[in-house]
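# What the coordinates show
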Amino acid sequence: MLRLFLALLLTLAAPGLAGAQGAMTAAKAKDLVRASLVAESEALVPGRTVTLGLHMAMKPGWHVYWRNPGDSGLPPEMGWRLPAGYSVGPVQWPVPERIPVQTLMNFGYEGAVTLLVPLKVPEDARIGETARLSGTLSYLVCEEICIPGSSELSLDLPVAASAEPASGQAALFARARAALPEAAPGPVRTAREGDRLVLHLDRPGLADVTGAAFFPYAEGALENAAPQDLAVDAGGLRLTLTPGEAKATPDALAGVLALTEDGVRKAYALGPEPVPAPTTAAAVPTAPDAPAAAPEDESLTLWSAAGLALIGGLLLNLMPCVFPVLSIKVLSLVRQAGESASRVRLHGLAYTLGVLASFLGLAGLLIALKAGGAGIGWGFQLQSPVVVALLAYGLFAMGLSLSGAVHLGGGIVGLGDGLTRRAGYQGSFFTGVLATLVATPCTAPFMGAAVGFALTQSTPAALTVFASLGLGLALPFLGLTLFPQAVRLLPRPGAWMDVLKGALAFPVYATVAWLVWVLAQQVGPNGLLAGLTGLVLVALAAWAWERARGAGRLGTGLGRVAAVAALVAALGLVALLDGDRAAARGTALAQGEEAFTQARLDALRSEGRTVFVDMTAAWCITCQVNERTVLARDGVQAAFRAGNVAFLKGDWTNQNPEITRLLERYGRSGVPLYLVYRGRGEAQVLPQILTEGIVLAAIGQKDVAAAQ
């Protein structure tokens, strides 16, 4: 059994190792994408705007992404380095193509693409000087695998009183402008019909339209891979769309409509386009592969990240997710206090092996999925209602065993009752696995920076950091087992242990209740009913198994068959949960809060408002504690109102590519993440454990709150 589980973990980790390393050896990003920075004019004129072009030519079969990459991927991003006073405006994105990848639908460009960027030259630019325009272009290029790449681009242009068009670039800029969407040729309306959205383009006399596609600006607004049903009549065009997890509403749907009319492709911009704040020399954005991290992260190296991960793993033992499981394991250690020191040490090593194998397995799977372009991060498995339900069922069975309702044996929960020597070690191993699974919803201090750093490094470096995190989680119990004198300090076994064992069942039941609440955020009413019915079936299986004990050969056989049948039925219900995800509900917004979107953040920043961004998830214990003990306090809420602070909440309970991208930009792979934008400058990253003073100081309202 132990060897089987290890083989499973290695199988999960192998794609990450092979995918990440194979991608680097099979092809280099610079060989797949040739990038250059070009200008439409030969020179720069003070006070005027010149158009720059970020030109990318891809190897046949490979593609890069649009501003909304679709179901996976990342758009190109330029981290500019400009002379003082110069600024660039938002990228002008050509119309993309729909690029199917198995069951996913991505939006991007094949062949070649030129992204147009306006550059504002300051009035005081000195004629005769030369301005160096440079930066790092970061991108993800994909075929069957995805490879992150970057190019250092630069262009030197003289400053002159007048400028001629750049020789040899006219055709390139003409093609780029022709690929931009135009204004809509007629009124556009969007209406809801049942569970779908219908986009109406009122344009009588449309010619022969052979195809149409709508590309939303907002990620998650539509089910990208769903069919887009086209109908053309005398009044114009109807395109029927399927809303996505972000639950787009008719009045909020904006994007680009592409048509093939009389064999010619045309595109129209519909609705307001998200406009980020301009980039100046004083506010240089950070490229995705060089995250804008908190000050304490700026000097992270592999070994400092591993050290932070070790400390974060130690602190995980104090989190409410992990503490009940660790307490049960310490209780088992009390039972083994009379055994030989070598046997106790082996239990500690087996537990540590379970923790390390689980952390490395999860890390390998995470690396593999990210190498394939998936927008996920730490805790990604809890974005699946199937995983949440299975974890709830396993903990519920463990709670029933602790309560004495069923005697499942120590191999299930690591207690070691009545097991052989080998089975006892398996119990310790699987307790380590369970501790890892219930630890993933929690983010301890120091842990977020370490994990975010790990996922930007090579595979061996990433696995080193994750192994340090696992070692930190395992260290307290391992330390007890390695030093016999520490074990002797534990109280002697006695009747008190049965009382304590029963009491420990209730924190486990509380964890099950919390997991059911998380499930309720991810599925609709039918899915929640299926999940709760599964808990009843687990209890039925436990009852049937217990009744079979000592009931004779026939009774034992029938009882165990009934128990197995109930468990199979519970697993069958679990398999139905993903089908109800379309009705998922996100974290409720309190008064004064808005749902996070990148477009809304950009709009608020362009207004110069102070913005507090809260990246959270229903399954993140740390997030929930911060929200209830700090962010919901009257003093903090009053300070938000007094300072006209916009509060954006990003719910990562279910997958959301926009949230994942922002997490990655700031060196994080999971929640919580708290950002404060003041004016048009870069964000201040707050600690993962908040206090009222930290929040008030960050938004500049500490004195106001103190006066109230």
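Since this is a predicted model, take the numbers as computed values, not measurements. Residue positions are counted from 1 within each chain, in the order its sequence is given. Local features in this predicted model are restricted to residues of pLDDT 70 or higher, and side-chain atom pairs are both shown and tallied only at a pLDDT of 80 or more, whereas totals for entire chains, interfaces and linings draw on every residue. Excluded from the side-chain calculations are hydrogens and water; all other atoms, namely the structure's heavy atoms, are used.

## Things to note about the overall build of the protein chain
A tally of helices and strands in the protein chain yields 21 helices and 24 strands. For every residue, the accessible area (1.4 Å probe, protein chains only) is compared with the maximum for its type, and the residue is labelled buried under 20%, exposed over 50%, or partly exposed between those bounds. Every one of the 708 residues in the protein chain was classed for burial, and the buried ones make up 52%. Here the contacts in the protein chain between residues at least 6 apart in sequence split such that 77% fall between residues at least 24 apart. Only runs of H or I of at least four residues qualify as helices and only runs of E of at least two qualify as strands under DSSP, and these elements are numbered from the N terminus. In what follows, residue pairs with any heavy atoms lying within 4.5 Å of each other are defined as contacts.

## Some words on helix α3 (residues 170-178)
Listed in full, the buried residues belonging to α3 are Leu172, Phe173 and Ala176. Along the axis of α3, the buried residues cluster in a sector spanning 90 degrees; they form a single face. Opposite its buried face, α3 presents the exposed residues Ala170, Arg175 and Ala178, each directed more than 90 degrees away. On its buried side, α3 packs onto β1 (33-39), β2 (49-58) and β8 (112-120). The directions from the helix axis to the C-beta atoms form the arc being described.

## Here's the deal with the sheet that holds strand β15 (residues 229-233)
Think of a sheet as strands paired side by side through backbone hydrogen bonds, with each pair either parallel or antiparallel. Taken in spatial order, the 4 strands of this open sheet run β12-β13-β16-β15, and their pairing is antiparallel. A single partner strand is all that each edge strand has here, and the edge strands are β12 (188-193) and β15. Taking the axes of each pair of neighbouring strands and ignoring which way they run, one obtains an average angle of 20 degrees across the sheet. Two strands form a pair only when DSSP identifies at least two bridges running between them. As defined by bridge partners, β12 adjoins strand β13 (residues 196-202) across 6 bridges and the pair is classed as antiparallel. Its bridge partner being in β13, Arg192 is matched across the sheet by Leu197. All axes here are fitted lines through C-alpha atoms, helices being fitted over the stretch that makes contact, and every angle between N-to-C directions spans 0 to 180 degrees.

## A few points about a nonpolar patch on the surface
A grouping of Leu346, Leu349, Leu482 and Phe483 is seen on the molecular surface, where their side chains present a nonpolar patch of about 350 Å² in accessible area. Structurally, the position occupied by Leu482 is in helix α11 (residues 459-482). For Leu482, a relative accessible area of 33% corresponds to the partly exposed category. To count toward a patch, a residue needs a relative accessible area over 30% and no salt bridge; like charges are then connected within 9 Å, while nonpolar side chains (Val, Leu, Ile, Met, Phe, Trp, Tyr) are connected within 5 Å. Surface accessibility follows the Shrake-Rupley procedure with a 1.4 Å probe radius. Residue values consider only the protein chains on display as shielding. By convention in these notes, a salt bridge is any Lys or Arg side-chain nitrogen within 4 Å of a carboxyl oxygen on Asp or Glu.

## Digging into unusual backbone geometry
We note that Asn644 has phi near 50 degrees; this positive angle belongs to a residue other than glycine. Relative to the assigned elements, Asn644 resides in the loop between α18 (634-642) and β22 (646-651). Classification of Asn644 by relative accessible area gives partly exposed; the value is 47%.

## Points about the nonpolar core
Note on terminology: a nonpolar core comprises buried Ala, Val, Leu, Ile, Met, Phe, Trp, Tyr and Cys residues joined through side-chain atoms within 4.5 Å. Counting 71 residues, the largest nonpolar core has Phe612, Val613, Met615, Val671, Leu675 and Tyr677 as the members making the most contacts within it. The element contributing the most residues to this core is helix α7 (residues 385-402), with 11 residues. Of all hydrophobic cores here, the second largest spans 46 residues; its members include Trp66, Val95, Val141 and Ala267.

## Details of the pairing of strand β18 (residues 264-270)
Pairing geometry for strand β11 (residues 182-183) and β18, over 2 bridges, is parallel. Residue pairing for β18: Glu182 is matched across the bridge by Tyr268. Relative to β18, strand β17 (residues 255-261) runs antiparallel, the two sharing 7 bridges. The residue of β18 that forms the bridge with Leu257 is Tyr268. As consecutive antiparallel partners, β17 and β18 are separated by 2 residues, and within that stretch Asp262 has a phi angle of approximately 55 degrees, a positive value.

## Comments concerning helix α16 (residues 598-606)
Of all the positions in α16, only Leu601, Asp602, Leu604 and Arg605 are classed as buried. Buried positions in α16, seen along its axis, are confined to an arc of 165 degrees and lie on one side of it. In this structure, the buried side of α16 is in contact with β21 (611-616), β22 and β23 (673-677). Of the residues flanking the start of α16, the one acting as N-cap is Thr597, its side-chain oxygen 3.0 Å from the backbone nitrogen of Arg600. Counted as a polar contact is a pair of N or O atoms within 3.5 Å, where, for protein atoms, one must be capable of donating a hydrogen and the other of accepting one, and residues adjacent in sequence contribute only when both atoms are in side chains.

## Observations concerning the packing of aromatic side chains
Stacked, tilted and edge-to-face pairs are distinguished by plane angle, under 30 degrees for stacked and over 60 for edge-to-face with tilted covering the rest, among Phe, Tyr and Trp rings (Trp via its six-membered ring) whose centres lie within 6.5 Å. Counting across every chain of the model gives 10 aromatic pairs. Taking 5.9 Å as the distance between ring centres and 75 degrees as the angle between the ring planes, the aromatic pair formed by Phe506 and Tyr509 counts as edge-to-face. Of this pair, Phe506 and Tyr509 both sit in helix α13 (residues 496-522), 3 residues apart, roughly one helical turn. Centroid distance Phe612 to Phe647: 5.2 Å. Interplanar angle 40 degrees. Geometry classified as tilted.

## Section: the environment of Ala510
Position of Ala510 among the secondary structure elements: in helix α13. Distance in space between the C-alpha atoms of Ala510 and Gly399 is 9.8 Å, their sequence separation being 111 residues.

## Remarks on the confidence of the model for the protein chain
pLDDT expresses, on a scale from 0 to 100, how confident the predictor is about each individual residue. Scored by pLDDT, the protein chain has a mean of 77; 75% of the residues are at 70 or more. Across residues 1-27, where pLDDT falls below 50, the model places 40 contacts with residues more than four positions away in sequence or in other chains. pLDDT under 50 marks residues 282-299. Its contacts with residues more than four places away, or in other chains, come to 38 contacts.

## Focus on the packing of α18 against helix α20 (residues 692-699)
Packed helices, taken two at a time, are described by the angle between their axes plus the distance between the axes. Running from N to C, α18 and α20 cross one another at 5 degrees; their axes reach a closest spacing of 10 Å. Here α18 is positioned roughly parallel relative to α20, judged by the angle of their axes. Contact residues: α18 offers Gly635, Val636, Ala639 and Phe640, while α20 offers Glu692, Val695, Leu696 and Ile699. Here the contact of α18 with α20 is composed, by residue class, of 6 nonpolar, 1 polar and 1 charged. The cut-offs work like this: below 35 degrees is roughly parallel, past 145 is roughly antiparallel, 65 to 115 is roughly perpendicular, and the gaps in between are oblique. Each residue gets one label: Ala, Val, Leu, Ile, Met, Phe, Trp, Tyr, Cys and Pro are nonpolar, Asp, Glu, Lys and Arg are charged, and the others, such as Gly, are polar.

## With respect to the pattern of salt bridges
Summed over the entire model, instances satisfying the criterion amount to 13 salt bridges. The salt bridge partner of Arg132 is Asp156, with a shortest N-O separation of 2.8 Å. In this pair, Arg132 sits in strand β9 (residues 130-142) while Asp156 sits in strand β10 (residues 146-158), placing the two residues 24 residues apart along the sequence. By relative accessible area, Arg132 is classed as partly exposed at 49%. One salt bridge in this structure joins Glu593 and Lys649, with 3.4 Å as the shortest N-O distance. One end of the pair, Glu593, is in strand β20 (residues 593-595); the other, Lys649, is in strand β22, with 56 residues separating them in the sequence. Side by side, Glu593 and Lys649 carry an identical accessibility label, which is buried. One continuous salt-bridge network, built from bridges that share partners, spans Glu593, Glu627 and Lys649.

## A look at the side chain of Arg67
Along the chain, Arg67 turns up in strand β3 (residues 63-70). Using a relative accessible area of 16% as the deciding quantity, one classes Arg67 as buried.

## Here we look at the sheet that holds β11
The mixed open sheet is built from 4 strands, whose spatial order is β11-β18-β17-β14. Because the sheet does not close on itself, it has two edges, and the strands there are β11 and β14 (209-216).

## Notes on the environment of Leu601
Looking at the element boundaries, Leu601 is found in helix α16. Using a relative accessible area of 1% as the deciding quantity, one classes Leu601 as buried.

## Some details on the packing of α7 against helix α14 (residues 525-547)
The contact between α7 and α14 brings their axes to 10 Å, and the two run at 35 degrees. In the crossing of α7 with α14, the sense of the turn from one axis to the other is right-handed. Taken together, the residues of α14 that come into contact with α7 (itself represented by Ala392, Tyr393, Phe396, Ala397 and Leu400) are Ala530, Gly531, Gly534, Leu535, Val538, Ala539 and Ala542. Partitioned by chemical class, the residues of the contact of α7 with α14 number 10 nonpolar, 2 polar and no charged. By definition, turning the near helix anticlockwise from the far helix through less than a right angle yields a left-handed crossing, and turning it clockwise yields a right-handed one.

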